[in-house]
Amino acid sequence: DSGCNASPLVPTSTVLEQLSLLIDIDCTEETVRMQFNFSGYTDTWFGVVFADGMIGEALLYTTGHDGSDELSMYPYSITAMNAGGVARNSDVWTLDQAENLDGTLVLDVSASFDDTRILDRSTGSLTVRYAFGTGGPELQYHGGNRAAASAILNLATGGSESIEPNLDKEWAHAALMIIAWSALATVGIMSSIHRWVYPTGPIWFKVHRAVQALVWLLTLIAFILAIIFTEDSGSEHFNVLQDIVNPDMSNPHKPMGLLVFILCFLQPLNAFIR
């Protein structure tokens, strides 16, 4: 057994970058109270996801997608990193306090176990990560406005630890694309444009072909890495239509990257036709 099924839980707090969080669970009454103090508040939406990524159950202080809701704390289920994957759910939370104290947003919310899917009697730990908006309380894509790490709170001991994400695949993806398109593609293109600097003969073409083939290969590897780390994060693949319809809630890098890959992948066909 774990959580309330094993023993009474203790108030647990943590500090995660600009956020301090207190979780107090009453196993007898089967209720939970959470207090958030976010020091980076600038009148935008703010939210906490109970997962190590941005996919999971969440509490968001917002006016909703179109700004028509009253500014309050609402429960959301986030299933994808676009507007269609960020939806209000049926959980019931009470907002007991909401104050902006000189740039620090103070939120105090409570719920019963029966009214939330974030935890139940068997929950012994919670993982949290936060994000906030870029311009107003209506929901928009947060861009880089998110915690770099997540925190795991041990509700039995009151302890917590910070977990840094493993971004090795993301960094490898970025490095391969920079090498391919900033360096190698430039060499390949210039070899064709300035072919007169090469000795007489097909040397310029051999250089051009070899370098462009390497650009194609590195782009393919980088694209495969992107698929892998997107899958690892729980996000959707290639949801370009959703990104176009709801640009405020999408990451423009994804559709642009897909377009670049398609054009690059078809380039050998273009060379063959020519």
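Residues numbered from 1 in each chain as written. Predicted model: local features only at pLDDT ≥ 70, side-chain atom pairs only at ≥ 80, totals over all residues. Heavy atoms only, no water.

**Looking at the nonpolar core**
Which entries qualify depends on this criterion: The criterion is simple. A nonpolar core is a set of buried Ala, Val, Leu, Ile, Met, Phe, Trp, Tyr and Cys residues joined through side-chain atoms within 4.5 Å. Note on classification: 1.4 Å probe, protein chains only; a residue is buried when its accessible area is under 20% of the maximum for its type, exposed when over 50%, partly exposed between these limits. A helix here means a DSSP run of H or I that spans at least four residues, while a strand means a run of E at least two residues long, and both kinds are numbered starting from the N terminus. Whether two residues are in contact is decided by their heavy atoms: any pair within 4.5 Å suffices.
Ile25, Met34, Phe36 and Phe46 are the most contacted members of the largest nonpolar core, which has 36 residues in total. Of all the secondary-structure elements, those providing two or more residues to this core are strand E2 (19–26), strand E3 (31–38), strand E4 (46–49), strand E5 (56–62), strand E9 (104–112), strand E10 (125–132) and strand E11 (150–154). Contacts of Ile25, omitting those with residues within four sequence positions, involve Cys4, Leu9, Thr31, Val32, Phe113, Leu119 and Leu155. Formed by 13 residues, the second largest nonpolar core is a distinct cluster that contains Ile55, Ala58, Leu60 and Tyr76.

**Overview of the state of the cysteines**
Just so we agree on the cut-off: By definition, disulfides here are pairs of cysteine sulfur atoms that lie within 2.5 Å.
The final tally for this structure, using the stated rule, is one disulfide. Sulfur-sulfur distance for the disulfide between Cys4 and Cys27 comes to 2.1 Å. Its torsion about the S-S bond being -75 degrees, the disulfide of Cys4 and Cys27 is classed as left-handed. With Cys4 in the segment before strand E1 (12–16) and Cys27 in the loop between E2 and E3, the pair connects residues that are 23 residues apart, well separated along the chain. Summarising the burial analysis for this pair, Cys4 and Cys27 share the class buried.

**Things to note about the pairing of E2**
Remark: a regular strand shows side chains that alternate across the two faces of the sheet. Inclusion rule: Note on pairing: DSSP must find at least two bridges between two strands before they are called paired.
Where burial is concerned, the two faces of E2 differ: the one with Leu19, Leu21, Ile23 and Ile25 is buried and the one with Ser20, Leu22, Asp24 and Asp26 is not. In terms of strand pairing, E1 meets E2 through five bridges, oriented antiparallel. Bridging across to E2, Thr12 finds its partner in Ile23. Here E1 folds back onto E2, and the loop between the two strands holds two residues, one of which, Glu17, carries a positive phi near 55 degrees. Sheet topology note: the E2/E3 ladder contains eight bridges and is antiparallel. Counted as the bridge partner of Ser20 is Asn37 from E3. Hairpin connection, E2 to E3: the antiparallel pair is bridged by four residues, and Glu30 has positive phi, about 55 degrees.

**Some words on the sheet that holds E2**
Stated formally: Helix axes are fitted only over the stretch in contact, all axes being lines through C-alpha atoms; the angle between N-to-C directions runs from 0 to 180 degrees.
Taken in spatial order, the five strands make up an open sheet running E1-E2-E3-E9-E8, and their pairing is antiparallel. Sheet topology places E1 and strand E8 (94–101) at the edges, where each strand pairs with a single neighbour. The average undirected angle you get between the axes of adjacent strands in this sheet is 10 degrees. Where E3 meets E9, eight bridges bridge the pair, whose relative direction is antiparallel. Of the residues in E9, the one forming a bridge with Met34 is Val109.

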